[in-house]
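# Structural overview for review
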Amino acid sequence: MPQAFSMKGIVKVYSDGTVALRGVDFSAEEGEIHGLLGENGAGKTTLMNILFGRIRMTRGETFVRGKRAIIKSPHDAMALGIGMVHQHFMLIPAFTALDNVILGLETAKKGVMIDRKTAREKLEALIKSSGLAVDLDARVEDLPVGIQQRLEILKLMYRGADIIVLDEPTSVLTPVEVDELFSFLRSLKAQGKTVVFISHKLREVMAITDRVTVLRKGQLVRTVKTAETTQGALAQMMVGRDVVFTLTKKPSTPGEVVLSVRDLKVRDVTGRQTVKGVSFDVRGGEIFGIAGVEGNGQTQLVEALTGLTKVQSGTVLLGGVEVQNRPPHVLYAQGLAHVPEDRHRRGLILEFSMLENSVLGLQMREPFSGRFGVLDPEEMEKWTQKIISDFSVDVSSTSSPASSLSGGNQQKVICGREMLKNPRIVVASQPTRGLDVAATEYIRSLLLKMRDEGKGVLLVSADLDEVTMLSDRMAIMYEGQFVDIVDPSKVSERDLGLMFGGIKREAPA
Amino acid sequence: MTQQEAEAAKAVAKPSWIPWNSVAESGLAIIMGFLVGGGIIALAGFNPALFYRGLIEGAFGSPRALMDTISYMTPIMLTGLSFAIAARANLFNIGSEGQMYMGVLAAASIGAFVALPEGLHQMVILFVSFLLGGFIAALAGWLKIKRGVHEVVSTIMLNWIGFYLLTYLAIFVLFDPLRAYKTTTILPSATVPFVTSGTSLSYAVVIAIVVCIVCYFLLWRTTLGYNIRAVGLNPTSSEYGGIKVSRTMVTAMFISGGVAALAGALEIMGRFWYVDTEASYVRNLGFDGIAVALVGRNHPLGIIISSFFFAMLKTGGQAVQIYTSEAGRTGIPLEMSLAIQGVIIVFASIPSIIALVKKFTEGRKK
């Protein structure tokens, strides 16, 4: 097979001195699905952004179809038939699907009016041949994420791309949508197009790719044929050491109920009811997991339980005390710890030092706040050092800002702070999002440790493997309600898939 | 265990609460301002060296000049601090002007018409000033959190309310029956004494510096300061951290307004002893504070230095014309020196402006 493109000796040094790529060679053949695998920060996205002209490389060469190519902008890349679907979609929410596709390529009728008719005909033919069904007249903001992704791909094909880069395409999809995406990628391959599939999910890379290139810390580890490798071997290449994949999990010994939720209803900021009557109990010494595709009310549920948003109706008992609609500091005093979904929006103040972040939520309490509300820097320092040593945070100084820490270390600071509070219950929302394999393992083992110490853990995650692996009981949330509460060790993948789509499995006879 | 403790002890280095990077940036920007200003002077056909010599001599050349310079620091230090405290909570309080008038009002009324023993008299005036200034600033904060009125709009309006309230009361209530262009002179027990006779320098500057240090302590070493800065940087994380965001904003505005009012009160108590009925003695001191805070990087200690810098430009700039004139020739005109002041201030503000732009663009990236 001829090469679709190749990149040689790519070096990227950012202006702040960060070296993202240290001389990487990468190439893909025509008609293959090539996986680009690596932990967060390995340089996958940077490498592809260079190919796509979004980032300028410091050194190196790019060849497209055998010819040296100088790609200075996404426009140049598109002209060479290279298209990229970014993790965050580049769509205009208020425009229709059709208008989004033709944006930038509008052909004018009589010099004034946009010629939508010709574009629509062309696009409908494309939809027919590719099987990517999209309602062209729907506004993008009304479309589900999976369809928006389709639209992004359609947009690239409309522009004649035959090298298609997908950056973590499955992170926003339901299992069913992932299957659809994969079958579509296979049909692209059959048409002779080249697909680069960026991911850090081993299972998906094994399932869909022909070859895999593994990056680690800005360097090429190896390119291998997928058929000739195993998940374990790839994982080892990614992290440079053996990874324990199955955490050892002791049987749980549930104690008394620490969190009790009854018929909880919550509206989101727009007034739409997103949690429509949810009831459950979490006991001390167990992990209660909530799985489901994101956007089915999990965020509002967590915010309501942690005092960050108002409850419309229903009751929340924390350690036996009614706490619905009480502010966060009251809940913290009742023994709540919260590892929030969004580290940067909720969990940390990035400009604050590590020292100051270590007491966020505790700053008004003894011993950090003494007489007349004067902070005690020595107590703060002691506490911070405890977080650093107990949770092996890699930080140069406690006075360096939280923004200088890596994502994994930021999350360790939050987990450390919350878990050292000695809470009754930990509400952990997407605790391992965006973390590398090692940090993910570590945070998961912490949650298990909390459970074994007799704390209640409420785990909300979009990562199904995470929830099934860690939880003692799990609920599947769909459109604001629990489809069912099941034992994760006794439920089949197929049933889970159905429940993710809102269909409850048949009750066993 | 002991080893661990030793390591921990080693790491208990005092956290650097002074942002040295900002100090270096601002210093460099000021030097650049002087260089560019010098270039402009040369282009206009004057001698830059002579100009700067005149500036320095005018500001520090004699004990009297130096004392005038230091004296002028007092009000702009406090109005600068006022702006900075609100800015730390991400509030744009440009109402320091009106809040300062509240202090003038308190000093001119209580100072002249209430007889109290010395010591207590001054304290009562400062206390009431702080409350009045804090009140009208908190009003703007309250309008923001309750009604969504942007504080820039409300504080500008309150500036005018403050101005007309002061001049109305000055003309109809507080006026001096013998000389109606001014208010009644305050009682000696209400004054802040001069350092030496024959200058305008009173111990008010000491009070201002103490207020700066107290606010520094407040912002970085107390729970309230922690909360104010947290709300300014990240309101959603603050909410998560159990901080009452709205209440903290109003509190920050209250302190900001109170500090601005101290500026006005101390000008009357330590310098003029009365105010003219058009308030022209104190006009614009509040707005000057915005520039002082920008150059001082919204840091209480930076503001002490930056207010000194502004005071130097002001007193020195006024003297340049006299210092540079020789027999039979007039010196570099005052207008030139005002223009150069402008250039230097623009340059000195660049780091703050870059920081603002950065914050804005980073906010959009997320």
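Here goes a summary of the coordinates provided. (Residues numbered from 1 in each chain as written. Chains lettered and ligands numbered in written order. Predicted model: local features only at pLDDT ≥ 70, side-chain atom pairs only at ≥ 80, totals over all residues. Heavy atoms only, no water.)

Take the overall build of chain B next. Counting its secondary structure elements, chain B contains 14 helices and zero strands. Each helix (α) and strand (β) of chain B, taken in turn from the N terminus, gives the series α-α-α-α-α-α-α-α-α-α-α-α-α-α. By principal-axis analysis of the C-alpha atoms, chain B measures approximately 75 × 55 × 45 Å. By residue count, 51% of the 366 residues in chain B fall in the buried class. (Helix = DSSP H or I, 4+ residues; strand = E, 2+ residues; numbered from the N terminus. Buried < 20%, exposed > 50% of the residue type's maximum accessible area, 1.4 Å probe, protein only.)

Let us now look at the interface of chain A and chain B. Contacts between chain A and chain B engage 35 residues on the former and 28 residues on the latter. Its largest share of buried area at the contact with chain B, chain A owes to Arg346, Phe352 and Leu375 of chain A, together 18% of the area lost on that side. The interface formed by chain A and chain B contains two salt bridges. The residue Arg229 of chain B makes a salt bridge to Glu356 of chain A at a minimum N-O spacing of 2.6 Å. At the surface where chain A touches chain B, the tally comes to 20 residue pairs in polar contact (both at pLDDT 80 or more). Elements that contribute at least two residues to the side of chain A that touches chain B include exactly helix 10 (328-333), helix 11 (343-347), helix 12 (354-357), helix 13 (377-390) and helix 14 (407-419) of chain A. Tallied by class, the residues present in the side of chain A that touches chain B amount to 16 nonpolar, twelve polar and seven charged. (Contact = heavy atoms within 4.5 Å. Buried area = accessible area lost by both parts, 1.4 Å probe. Salt bridge = Lys/Arg side-chain N within 4 Å of Asp/Glu carboxyl O. Polar contact = N/O pair within 3.5 Å; in protein donor to acceptor, adjacent residues only side chain to side chain. Nonpolar A, V, L, I, M, F, W, Y, C, P; charged D, E, K, R; others polar.)

Residues and elements named next belong to chain A. As paired elements, strand 1 (residues 3-13) and strand 2 (residues 19-29) share eight bridges and run antiparallel to each other. Looking at the pairing, Val13 lines up with Val19 of strand 2. Relative to strand 4 (residues 59-64), strand 1 is paired through five bridges, and the arrangement is antiparallel. Within strand 4, the position partnered with Ser6 by the bridge is Phe63. (Pairing = 2+ DSSP bridges.)

Residue and element names in this part refer to chain A. Read from one edge of the open sheet, four strands run 14-13-16-17, paired in antiparallel fashion. Edge positions in the sheet fall to strand 14 (273-283) and strand 17 (321-322), since each of these pairs with one other strand and no more. Here eight bridges tie strand 13 (residues 257-267) to strand 14, and the two strands are oriented antiparallel to one another. Residue pairing in the sheet places Val257 in a bridge with Arg283 of strand 14.

Residues and elements named next belong to chain B. The final tally for this structure, using the stated rule, is 24 aromatic pairs over all chains. Relative to Phe92, the ring of Phe83 lies with its centre 5.3 Å away and its plane at 80°, an arrangement referred to as edge-to-face. For Phe83, a relative accessible area of 3% corresponds to the buried category. On the basis of an interplanar angle of 55° and a centroid distance of 5.8 Å, the ring pair of Tyr101 and Phe163 is categorised as tilted. Placement of the pair is Tyr101 in helix 5 (residues 96-113) and Phe163 in helix 7 (residues 151-172), with a sequence separation of 62 residues. Just as Tyr101 is buried, Phe163 falls in that class too. By the ring-pair criterion, three or more aromatic residues cluster together here, those being Phe34, Phe51, Tyr52, Phe309 and Phe310. (Phe/Tyr/Trp six-rings, centres within 6.5 Å; stacked < 30°, edge-to-face > 60°.)

Residue and element names in this part refer to chain B. Across the interface, helix 6 (residues 120-147) lies against helix 7 with an axial gap of 9 Å and an inter-helix angle of 145°. Crossing hand, helix 6 versus helix 7: right-handed. Residues Ile136, Leu139, Ala140, Leu143 and Lys144 of helix 6 touch helix 7, and the partners they reach there are Glu151, Ser154, Thr155 and Leu158. The class makeup of the residues in the contact of helix 6 with helix 7 is five nonpolar, two polar and two charged. (Axes fitted to C-alpha atoms, helices over the stretch in contact; angles between N-to-C directions. Left-handed = near helix turned anticlockwise from the far one by under 90°.)

As a further point, take the sheet that holds strand 3 (residues 33-37) of chain A. All names here are of chain A. In spatial order, the strands read 6-9-10-3-11-12; together these six strands make up an open sheet with mixed pairing. Since the sheet does not close on itself, it has two edges, and those belong to strand 6 (82-85) and strand 12 (219-225), each with one partner. Across this sheet, the average inter-strand angle for adjacent strands is 20°, counted without regard to direction. Of the pairings in the sheet, the one linking strand 6 to strand 9 (residues 163-167) comprises four bridges and is parallel in character. Bridge pairing in strand 9 links Val85 to Leu166. Packed onto the sheet, helix 5 (residues 145-158) meets strand 6 and strand 9 and runs at close to 170° relative to strand 6.

The values reported here are purely geometric and, on their own, carry no functional implication.
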